[in-house]
Structures are given as structure tokens and as C-alpha cells.
Amino acid sequence: MARVLVTGANGFIGSHLVRALVARGDDVTCLVRRTSRVDRLQPLRARLVYSDVTDPDSLPAAVAGSQLVYHLAGCNQAFRVDQFYRVNQQGARNMLRACAAQSTPPVVLWVSSLAAAGPAPHGRLRTEADPPVQVSHYGRSKRAGEQAAEEFADRIPITIVRPPLVFGEADHQSLAIFRPVARVGVHVVPGLGRDRFSLIHVADLVHLLILAAEWGTRLKPAGSDGPSSPGYYFAACAEHPTYAELGRMIGTALGRRRVLVLFTPPVATWLTAAAAEALSRGSRRPFSFNFDKAREARAGSWLCSPQRAIDELGFSIAAPLADRLRQTAQWYRENGWL
């Protein structure tokens, strides 16, 4: 049994991770903000500690005594670019300083994003050895957090996992893809629809996070000799559908015989982003789709290879994509989300 701290524990991935850690017998503490909803965490046998990665003074007490820290706290929606960096870079540095100050620093499992590495080079699967090429403010801020981790790698054992699109039960973002298919049988594909995407179900990602925390190689200190890729792992299932194919698979998961796939011209992506930005600022609430996400959507295929995790950690996907989509659709229906 390990003493574990999970930041971002109230989020979609975080709550699934906490459930898995509690089930395996770990002593889990959840770092959450005072304003966070914790209804997913309350039924679990986990302690709550109120803190914020942007408040460095609140972190030492939260980290104290932890043997392992899963760092999931991050910002993926923001009105201003500096908000991304405040959480994803400076918040990362604050957490690392608190870990480094412990007499025995904990192992840190860092959850980053494929956006920190960038889209697939020339349509092939991206590997950990490929140099990062970010295309969005979000991706650059996540890479800045990774670089902060590299700065502390001589004092803290750190491993970083970069997930692609994550979906599964209780996810609001993938719900936005399921809902129009469920309601009217329509799936809108921005642009020409030839690009392919890596995905992973949240249960498979959680499995990889636990494996990487226990057995993963650790980051090399910044500026050390040799390749900088050790300590990084990509997460993905075996299938890499186009967005159109994903819509049809979701239709099958929902029991629909036919899904109408509507292809929109590339300019429609930017017009939709402009409208979303205007509505977001009018409502003073950041939307999941905006100019930053439009840049990612128009950047080509987002493909990554999980081969390193397979070879080094024995990672495997528990169920094919079609089954995972059906499992997700069933949860949405049983819980009244569709």
C-alpha cells in the first residue's frame, strides 16, 4: 500500500484514477480547490485536501508524507494565453518545488498531453524520440510544464505520460461527439476529414498511469547527455480512425443503422471557432472549442505509438475501440446524459 497524492483528482481522468487506486488498496489523498465539485470523490475512501497548484504556500503540507504523486491538475480552457502558463507551467514548477523539498522526494507521475509533442510527422505514428512541435498555446504551455519537470529530474524521480484524445464514462467533452449522433443521427466533420486520430479509453489510460508510476523509466535532467526521450510514454489504443469513421463507430455503439456524416469546408472550422470565441466571451465562460483548438484541428493527423509502453511496461489495451465506445454510450444512457 502506497501513500499517494493525486492532483486534479476531481476531474474526469482524476476521478477514475482515484477509484482505481483506492480499489488496489492505496492510501489516497486528493488535492482539490475550494471551488471544485467533489461529488465523484465523496463515495470513495480518499481524503480531500484543499490546495491549489498556483498557490505555492499551500503545497508543502499537501505533499508531506506522500510516496507517489500523480499530477493531473492542468488548464485546457482559458480566455487568455497567460492562464495556460499560470497553471500548466508555473503550477507545475510550484508542485515540483514542494516535492523536491521533502526529505525523501516522492515519485512523480506527470500527465501531460499529445499536444505537448505535436501532430504526427508526415502522417506516421509519433514516437517519444521525435522532437516536439507544438501548434497551439495549450500545447506550448504543456510542453513548458514538461521542461519544468526536466529541470527537477536530478532531484525527483519523474515519469511523463502524454495521452491523446481520452474518452469514457462521465466525460463531458466526448459527450459532445456522442450527443448529435444519438439525437439526430448526424456527425459533422470539420475540413476534408482525411486526418486520423489516436484515442484511449480512460480505464486503459489509468492502467498505463499506474504501470508507469511503478515501473517506468525516469526523466533525464535537462541538459544531460544523450536523448531526452527516456521517461516519456505515449498512450493510445491500436485503432486510429478518421473523425468520420469515429462518428460511424459511435453510431454503431448507439445502435443506429445509419449516421449522416457531414463534411464541412476548412473555412467553416475557423468560422465556428470565431463564433465560439464570441459566445464564450459574452457568457464569460471558456468553451472547449476555440481558435486554439481550431489550430490543432487543422494541423493534420494526431497519431502516437504506445509501443514503448508495450515493450517496457507490458501495457495492453483491455478491449477494442468498438467495445469501449459501446461501454461509454451505455453509461451515458444509463445516467441520463443522452
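As the structure is a prediction and not an experimental result, all values here were calculated from the model.

What is the right way to look at the overall build of the protein in this model?
Along its length, the protein carries 11 helices and 11 strands. When burial is assessed residue by residue, the protein has 52% of its 338 residues classed as buried. Here the protein displays about 15,400 Å² of accessible surface, and carbon together with sulfur accounts for 52% of that area.

Explanation requested: the sheet that holds strand 4 (residues 68-71) in the structure shown.
In sheet architecture, strand pairing relies on hydrogen bonds along the backbone and comes in two forms, parallel and antiparallel. If you walk across this open sheet you meet the seven strands as 3-2-1-4-5-6-10, and the pairing is parallel. Single-partner strands in this sheet number two, and they are strand 3 (47-50) and strand 10 (232-234). When the angles between neighbouring strand axes are averaged without regard to direction, this sheet yields 20°. For strand 2 (residues 27-32) and strand 3, the ladder comprises four bridges, and the chain directions are parallel. In the sheet register, leucine 31 faces strand 3, and the bridge partner there is valine 49. Across the face of the sheet, helix 4 (residues 137-151) comes into contact with strand 5 (107-111), strand 6 (158-162) and strand 10 while running at roughly 160° to strand 6.

Any chance you could explain unusual backbone geometry here in plain terms?
The phi torsion of most residues other than glycine is negative, and most of the peptide bonds are trans. The backbone of alanine 170 shows a phi angle near 75°, a positive value even though the residue is not glycine. With respect to the element layout, alanine 170 can be found in the loop between strand 7 (165-167) and helix 5 (172-184).

Can you walk me through the packing of helix 5 against helix 11 (residues 321-334) in this structure?
When two helices pack together, their arrangement is captured by the angle between the axes and the distance separating the axes. With their axes 11 Å apart at the nearest point, helix 5 and helix 11 run at an angle of 90° to one another. Relative to helix 11, the element helix 5 is oriented roughly perpendicular. On helix 11, the residues touching Ser174, Leu175 and Phe178 of helix 5 are Leu325, Thr328, Ala329 and Tyr332. Partitioned by chemical class, the residues of the contact of helix 5 with helix 11 number five nonpolar, two polar and no charged.

Please explain the state of the cysteines as it appears in this structure.
As used in these notes, a disulfide is a covalent bond between sulfur atoms, one from each of two cysteines. This structure, assessed with the given rule, holds zero disulfides. For cysteine 237, which is in no disulfide, the shortest distance to another cysteine sulfur is to cysteine 304 and amounts to 9.3 Å. In this structure cysteine 237 comes out as buried when scored by relative accessible area, which is 5%.

Hey, could you run me through the nonpolar core in this one?
Core analysis: the largest hydrophobic core is formed by 39 residues, its most contacted members being Val6, Leu17, Val18, Tyr70, Val161 and Leu209. Contributing elements (two or more residues each) for this core: strand 1 (3-7), helix 1 (12-23), strand 2, strand 4, strand 5, helix 6 (202-215) and helix 10 (307-313). Looking at which element gives the most residues to this core, the answer is helix 6, with nine residues. Other than its neighbours up to four places away in sequence, valine 6 contacts Leu17, Val18, Leu21, Val28, Thr29, Cys30, Leu31, Tyr70 and Leu72. Core analysis: the next-biggest nonpolar cluster, separate from the first, contains 30 residues, Ala73, Val108, Ile156 and Tyr232 among them.

Quick question: what am I supposed to make of helix 4 here?
A turn of α-helix holds 3.6 residues, and therefore any two residues three or four places apart point the same way. Between the first and last C-alpha of helix 4 there are 21 Å, a value that for 15 residues agrees with the 21 Å anticipated at 1.5 Å per step. Burial runs high along helix 4: 11 of the 15 residues are buried. Restricting attention to buried positions, one finds in helix 4 the residues Tyr138, Gly139, Ser141, Lys142, Arg143, Ala144, Gly145, Glu146, Ala148, Ala149 and Glu150.

Which parts of the structure should I look at to understand the pattern of salt bridges?
Pairs may arise between side chains of opposite charge once their charged atoms sit close together. For the structure shown, the criterion picks out 14 salt bridges. For the salt bridge of glutamate 146 with arginine 143, the shortest nitrogen-to-oxygen distance reads 2.9 Å. Residue glutamate 146 and its partner arginine 143 are located together in helix 4, separated by three residues, close to a single helical turn. Its relative accessible area of 0% is what places glutamate 146 among the buried residues. Residue arginine 143 is classed as buried on the basis of its relative accessible area, which comes to 12%. Notably, a salt bridge pairs arginine 155 with aspartate 154, separated by 3.3 Å at the nearest N-O pair. Take arginine 155: its relative accessible area is 46%, and that puts it in the partly exposed class. A single salt-bridge network, built from bridges that share partners, covers Arg143, Glu146, Glu150 and Arg162.

Just to check I follow, could you spell out the packing of aromatic side chains for this structure?
Any aromatic ring pair is given by two values, namely how distant the centres are and how the planes are angled relative to each other. All chains considered together, the criterion is met by six aromatic pairs. Geometrically, the ring pair formed by phenylalanine 178 and tyrosine 332 is edge-to-face, given 5.2 Å between the ring centres and 75° between the ring planes. Pair noted here: phenylalanine 178 is in helix 5 and tyrosine 332 is in helix 11, with a separation of 154 residues, a long-range link. Accessibility assignment for this pair places phenylalanine 178 and tyrosine 332 in one class, buried. Ring centres of tryptophan 331 and tyrosine 332 lie 6.1 Å apart, and the angle between their planes is 75°; on these two criteria the pair is classed as edge-to-face. The exposure class of tryptophan 331 is partly exposed, given its relative accessible area of 23%. Members of the aromatic cluster, each reached through a chain of ring pairs, are Phe178, Trp331, Tyr332 and Trp337.

Conventions and cut-offs
- Residues numbered from 1 in each chain as written.
- Predicted model: local features only at pLDDT ≥ 70, side-chain atom pairs only at ≥ 80, totals over all residues.
- Heavy atoms only, no water.
- Helix = DSSP H or I, 4+ residues; strand = E, 2+ residues; numbered from the N terminus.
- Buried < 20%, exposed > 50% of the residue type's maximum accessible area, 1.4 Å probe, protein only.
- Areas by Shrake-Rupley, 256 points an atom, 1.4 Å probe, with all protein chains shown as cover.
- Pairing = 2+ DSSP bridges.
- Axes fitted to C-alpha atoms, helices over the stretch in contact; angles between N-to-C directions.
- Contact = heavy atoms within 4.5 Å.
- Parallel < 35°, antiparallel > 145°, perpendicular 65-115°, else oblique.
- Nonpolar A, V, L, I, M, F, W, Y, C, P; charged D, E, K, R; others polar.
- Disulfide = S-S within 2.5 Å.
- Core = buried A, V, L, I, M, F, W, Y, C linked by side-chain atoms within 4.5 Å.
- Expected span 1.5 Å × (residues − 1).
- Salt bridge = Lys/Arg side-chain N within 4 Å of Asp/Glu carboxyl O.
- Phe/Tyr/Trp six-rings, centres within 6.5 Å; stacked < 30°, edge-to-face > 60°.

So yeah, pure geometry; function would need other evidence.
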